[in-house]
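Chain by chain, the residues run as shown.
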Amino acid sequence: MEDKDLGFVGLGIMGRPMAKNLIDAGYSVTVYDISATSIEEMATYGASSASSAREVAEKTPVVITMVPDSSDSEAAILGPNGVLEGASKGDTVIDMSSIAPATSQKIASLCEAQAVDFLDAPVSGGEPKAIDGTLAVMVGGKSNVFDKYRDLINVMASSVVLCGNYGAGNTTKLANQIIVAANIEALAEALVLSKKAGLDPNVVFEAIRGGLAGSTVMEAKAPMMIDGDFNPGFRIRLHQKDLHNALLTGKDLGVPLPVTSLVQQMLGALINDDKADFDHSAIANFLE
């Protein structure tokens, strides 16, 4: 992509480092967030600021959105002062939020009605990989649009895969989140069991990490569980949201998701215990 001007809407725990990586790669980035503090931080880093998502779209031909949930994506893109109010024919919206696939399809349809290209491109990897620029990105949309912006997305990622048409990126992300949730819950069970049996969980971790049970989840989350360090790389409330979307999608498709339902209820209990902003590795707290 020759044009180096782009917009970024949503400067949360993931959006800020993603936008910073784009600036570091030489892109001229115009930003907007509902938090003035986040806009100021990015302006200090070299971004241009805007007063709305609409203004971002008026100033740039490509807008990336990175917001928490389906309703937020709809508001940022479709709502009053949203991206589509400022977009022009031939512009592109890349929604990197993790939302319901049906919402991505709705947004895509309304973008197409205005001759605006669209990709749903949710990410996996949490804050550490957002900072490192090594996220995994799962994309839904048309292949020619994907090919045009693959290099742009690669600035923020180590893996970028076109998974299918509109909504396919978010369906793949839901599959990812089911696997991550089940892994974290199983890891928590194993470490709580080990500790209760009088074993040193650090020793148990070292003993099993190189075997079949070893995983990226274990490497990232076992030390946090052992240390009781639940500063968020990925917040409980966001993972609970993802599993809720997975269950809704499963219902629509007639697919039972019993383990997903169980872990979603655990996360819900932790939210009720005022732990919504803990890292999702705090599933161990539920078991303890």
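Procedures and definitions
Residues numbered from 1 in each chain as written. Predicted model: local features only at pLDDT ≥ 70, side-chain atom pairs only at ≥ 80, totals over all residues. Heavy atoms only, no water. Helix = DSSP H or I, 4+ residues; strand = E, 2+ residues; numbered from the N terminus. Buried < 20%, exposed > 50% of the residue type's maximum accessible area, 1.4 Å probe, protein only. Contact = heavy atoms within 4.5 Å. Axes fitted to C-alpha atoms, helices over the stretch in contact; angles between N-to-C directions. Parallel < 35°, antiparallel > 145°, perpendicular 65-115°, else oblique. Left-handed = near helix turned anticlockwise from the far one by under 90°. Nonpolar A, V, L, I, M, F, W, Y, C, P; charged D, E, K, R; others polar. Salt bridge = Lys/Arg side-chain N within 4 Å of Asp/Glu carboxyl O.

**Q** Let's hear about the environment of Asp 3: which residues, and what values?
**A** For Asp 3, the location among the structural elements is in the segment before strand 1 (5-9). For Asp 3, a relative accessible area of 35% puts it in the partly exposed group. For Asp 3 and Val 263, which are 260 residues apart along the polypeptide, the C-alpha to C-alpha distance reads 44 Å. In contact with Asp 3, not counting residues within four places along its chain, are Tyr 27 and Pro 61.

**Q** Quick one: what's the story with the packing of helix 1 (residues 15-24) against helix 2 (residues 36-45), residue by residue and with numbers?
**A** Where helix 1 contacts helix 2, the two axes come as close as 11 Å, and the packing angle between them is 20 degrees. One element, helix 1, and the other, helix 2, form an angle in the roughly parallel class. Relative to helix 2, the crossing made by helix 1 is right-handed. Residues Arg 16, Ala 19, Lys 20, Ile 23 and Asp 24 of helix 1 lie in contact with helix 2, whose contacting residues are Ser 38, Glu 41, Met 42 and Tyr 45. Across the contact of helix 1 with helix 2, the residue classes tally to 4 nonpolar, 1 polar and 4 charged.

**Q** With reference to specific residues and values, describe the pattern of salt bridges.
**A** Per the counting criterion, the structure on display carries 14 salt bridges. Here Asp 273 makes a salt bridge to Lys 275, at a shortest N to O gap of 3.5 Å. What makes Asp 273 partly exposed here is its relative accessible area of 44%. Bridged by salt links that share partners, the residues Arg 16, Lys 20 and Glu 41 form one connected network.

**Q** An account of unusual backbone geometry is requested, with residue identities and associated values reported.
**A** Negative phi characterises most residues that are not glycine, and trans characterises most peptide bonds. One non-glycine residue, Ala 115, lies in positive phi territory at about 60 degrees. Relative to the elements of secondary structure, Ala 115 occurs in the loop between helix 6 (101-113) and strand 6 (117-120). Non-glycine residue Asp 274 carries a positive phi angle of around 65 degrees. Counting through the fold element by element, Asp 274 comes out in the loop between helix 13 (258-272) and helix 14 (283-287).

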